[in-house]
Structures are given as C-alpha cells and as structure tokens.
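The chain contents come next:
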Amino acid sequence: LPGYGDLPRPPSPTKGEQYYDATYGGDPVRVSALVTHFPTDPPTSVLVQVAETVGGRGSRTRELVAREALAQLAVILLAAGILWYGVARGLRPLTRASDTVAQRSADDLSPIALARSPAEIAPFLRAVNDLMERLRRTISAQRRFIADASHQLRTPLAVIQTKAELALREEDPSALNASLLQLYEHSQATTRLAN
C-alpha cells in the first residue's frame, strides 16, 4: 500500500504460523504471519504476513453476529409458528368434543360419538361416556327412590288426613279422644317413616 511501511516482524521469526497485534499506518491491526523455510542453496526463508484492522474486524464480527442472530430469530419464530399450528391442530378434536358436551342440556347424558374421534382422544372419550352412563344410572336410581319415598309418605299422610276429618266430625268427647289418640299414633309412625 502506498504510504505504508512494512508490517512489524513477528515476535519469533523462526517459528511457523503466528498471530499478534501490531500498528500499521497508525491503525491497530491483527496480524497473521507464516514463516516458511525452503531447502535451497543457500537456504531461503519466506515470511508471509496478512493484517486486518481491528476496527474492520470488529465491525465485520458485529455484522456476522447480527446476521446470525437475525437468522436464529427467524428460525425460532418459524419453529414457534409450526409448534403453535401443530398444537392447535392436534387439540382441535378435543376442542370439538368439549364444544359438543358444553352445548348439551343438563339432562342429556347420552354418549359422545367415538366414530369421528382420533385414536389419541378415544380413551378419554370412552372414560367420559362411562362416567355419563354411571351418572345416568345413579340419577335413575335416585328418581326411583324419590318416587318410592313419595308413595310411602303419601299413604300415611292420607290416613292422618282421614283420621283428622273423622275426629272433626265426632261429637262424643270419648270418641274424639280415641280419634285424636289414633291421629297422634299415625303421625308418630309417619315421622319415623320420614326419618
């Protein structure tokens, strides 16, 4: 280069390749030097030096890091997009099944159709269907129990009502006392039945 002097010699000129910092034309540089010895007569040594300014090297390093960071960010965003799409697509059958159950009335305990469900959520849907079947049987048993209990309570209450009507028609005090005693005994029996 015009106006520039020679690069400073390597610290150890007999060694092979070397790297060192120096100043060249007033600019700090990073130098790579290679000393090669040729077996000629007389023996010849060749020194090859390559230098790069530290500022240029730093800006190139920053440029490479920024470009690589941008590429990595693009890869991360692409991977996140693919992951989001995959998870959303994978959960779509579960979301449809959830919507189907959410739209049902409280009395609809019919099984969820397994025909169009993917194999991955089929065990879950079978478990939900099994739970609905057990719940349906439990509710049916409770309704039968309530109907039976209602019938069991209606009969003694009708007897008490009839006895009370008869007692209201009694004019004889001793017959009225007997009717009231029977009414009391039936009310006790009904209380025990209710308990």
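One can find the structure itself at the top, above this paragraph.
Numbering of residues starts from 1 in every chain and runs along the sequence as written. It should be noted that, the model being predicted, local features are given only for residues of pLDDT at least 70 and side-chain atom pairs only at 80 or more, the latter also being counted only at that level, while totals for whole chains, interfaces and linings use all residues. Side-chain calculation: all heavy atoms of the structure are included, whereas hydrogens and water are not.

1. Digging into a positive patch on the surface
1) Next: On the surface, Arg89, Arg92, Arg96 and Arg116 cluster together into a positively charged patch.
2) Next: A run of H or I in DSSP becomes a helix once it reaches four residues, and a run of E becomes a strand once it reaches two; helices and strands are each numbered from the N terminus. Checked against the element boundaries, Arg96 lands in helix α1 (residues 54-102).
3) Next: With a 1.4 Å probe rolled over the protein chains alone, any residue whose accessible area is under 20% of its type maximum counts as buried; one over 50% counts as exposed, and the rest are partly exposed. Of the residues examined, Arg96 reaches a relative accessible area of 43% and is grouped as partly exposed. In this scheme, patches are assembled from residues that exceed 30% relative accessible area and form no salt bridge. Like charges are connected within 9 Å, while nonpolar side chains (Val, Leu, Ile, Met, Phe, Trp, Tyr) are connected within 5 Å. To be clear on the numbers: accessible area is Shrake-Rupley with a 1.4 Å probe, and residue cover counts the displayed protein chains and nothing else. When a carboxyl oxygen of Asp or Glu lies within 4 Å of a side-chain nitrogen of Lys or Arg, that pair is called a salt bridge. Positive charge is attributed to Lys and Arg, negative charge to Asp and Glu, and no charge count is given to His or to the chain ends. Think of each charge as sitting on NZ of Lys, CZ of Arg, CG of Asp or CD of Glu.

2. So, helix α3 (residues 173-194)
1) Next: Expected helix span is computed as 1.5 Å times (number of residues minus one). Under the 1.5 Å per step criterion, the end-to-end length of α3 is 31 Å for 22 residues, consistent within 8% with the ideal 32 Å.
2) Next: Here, residues are in contact when the closest pair of their heavy atoms is within 4.5 Å. Check the buried side of α3 and you find it contacts α2 (122-169).

3. Describing the pairing of strand β1 (residues 17-24)
1) Next: Because side chains alternate across β1, one face comprises the buried residues Gln18, Tyr20, Ala22 and Tyr24, and the other comprises Glu17, Tyr19, Asp21 and Thr23, none of which is buried.
2) Next: The pairing of β1 with strand β2 (residues 27-38) spans 8 bridges and is antiparallel. Bridging across to β2, Glu17 finds its partner in Leu34.
3) Next: Strands qualify as paired when DSSP identifies two bridges or more between them. If you look at the hairpin formed by β1 and β2, you'll find 2 residues sitting between the two strands, and Gly25 has a positive phi there, around 60 degrees.

4. Some details on a nonpolar patch on the surface
1) Next: Together, Leu34, Phe38, Val46, Val48 and Val50 line one region of the surface with nonpolar side chains, adding up to about 400 Å² of accessible area.
2) Next: Where the nonpolar patch is concerned, the elements lending two or more residues are β2 and β3 (44-53).
3) Next: Per-element tally for the nonpolar patch: the top contributor is β3, with 3 residues.
4) Next: Among the secondary structure elements, Leu34 is positioned in strand β2.
5) Next: Using a relative accessible area of 38% as the deciding quantity, one classes Leu34 as partly exposed.

5. A closer look at the packing of α2 against α3
1) Next: Axis angles are defined between N-to-C directions and span 0 to 180 degrees, where every axis is a line fitted to C-alpha atoms and, for a helix, only to the segment in contact. At their nearest, the axes of α2 and α3 sit 9 Å apart, and the two run at 165 degrees to each other. For the element pair α2 / α3, the angle class is roughly antiparallel. Helix-helix and strand crossings are classified by hand; for α2 and α3 the assignment is left-handed. Across from Gln152, Leu153, Pro156, Leu157, Val159, Ile160, Lys163, Ala164 and Ala167 in α2, the residues of α3 making contact are Leu176, Ser179, Gln182, Leu183, His186, Ser187, Thr190, Leu193 and Ala194.
2) Next: Looking at side-chain class alone, the contact of α2 with α3 contains 11 nonpolar, 6 polar and 1 charged residues. When an angle is under 35 degrees it counts as roughly parallel; over 145 it counts as roughly antiparallel; between 65 and 115 it counts as roughly perpendicular; any other value is oblique. Here a crossing is taken to be left-handed if its near helix is turned anticlockwise relative to the far helix by less than a right angle, and right-handed if that turn runs clockwise. Polar here means any residue outside two lists: the nonpolar Ala, Val, Leu, Ile, Met, Phe, Trp, Tyr, Cys and Pro, and the charged Asp, Glu, Lys and Arg; Gly therefore counts as polar.

6. Considerations on the environment of Val29
1) Next: Considering the arrangement of structural elements, one finds Val29 in strand β2.
2) Next: C-alpha of Val29 to C-alpha of Val87: the two residues are 58 residues apart in sequence and 53 Å apart in space.

7. Considering unusual backbone geometry
1) Next: Looking along the chain, the bond that leaves Asp41 and enters Pro42 is cis, with omega of -10 degrees.
2) Next: As for its placement among the helices and strands, Pro42 is situated in the loop between β2 and β3.

8. Details of the pattern of salt bridges
1) Next: Counting across every chain of the model gives 6 salt bridges.
2) Next: Notably, a salt bridge pairs Asp21 with Arg30, separated by 3.2 Å at the nearest N-O pair.
3) Next: Under the relative-accessibility criterion, Arg30 is labelled partly exposed at 28%.
4) Next: For Glu63, the salt bridge goes to Arg67, with nearest N and O atoms at 4.0 Å. Residue Glu63 and its partner Arg67 are both found in helix α1; the two are separated by 4 residues, about one turn of the helix.
5) Next: A single network of salt bridges, built from pairs that share partners, joins Glu133, Arg136 and Arg137.

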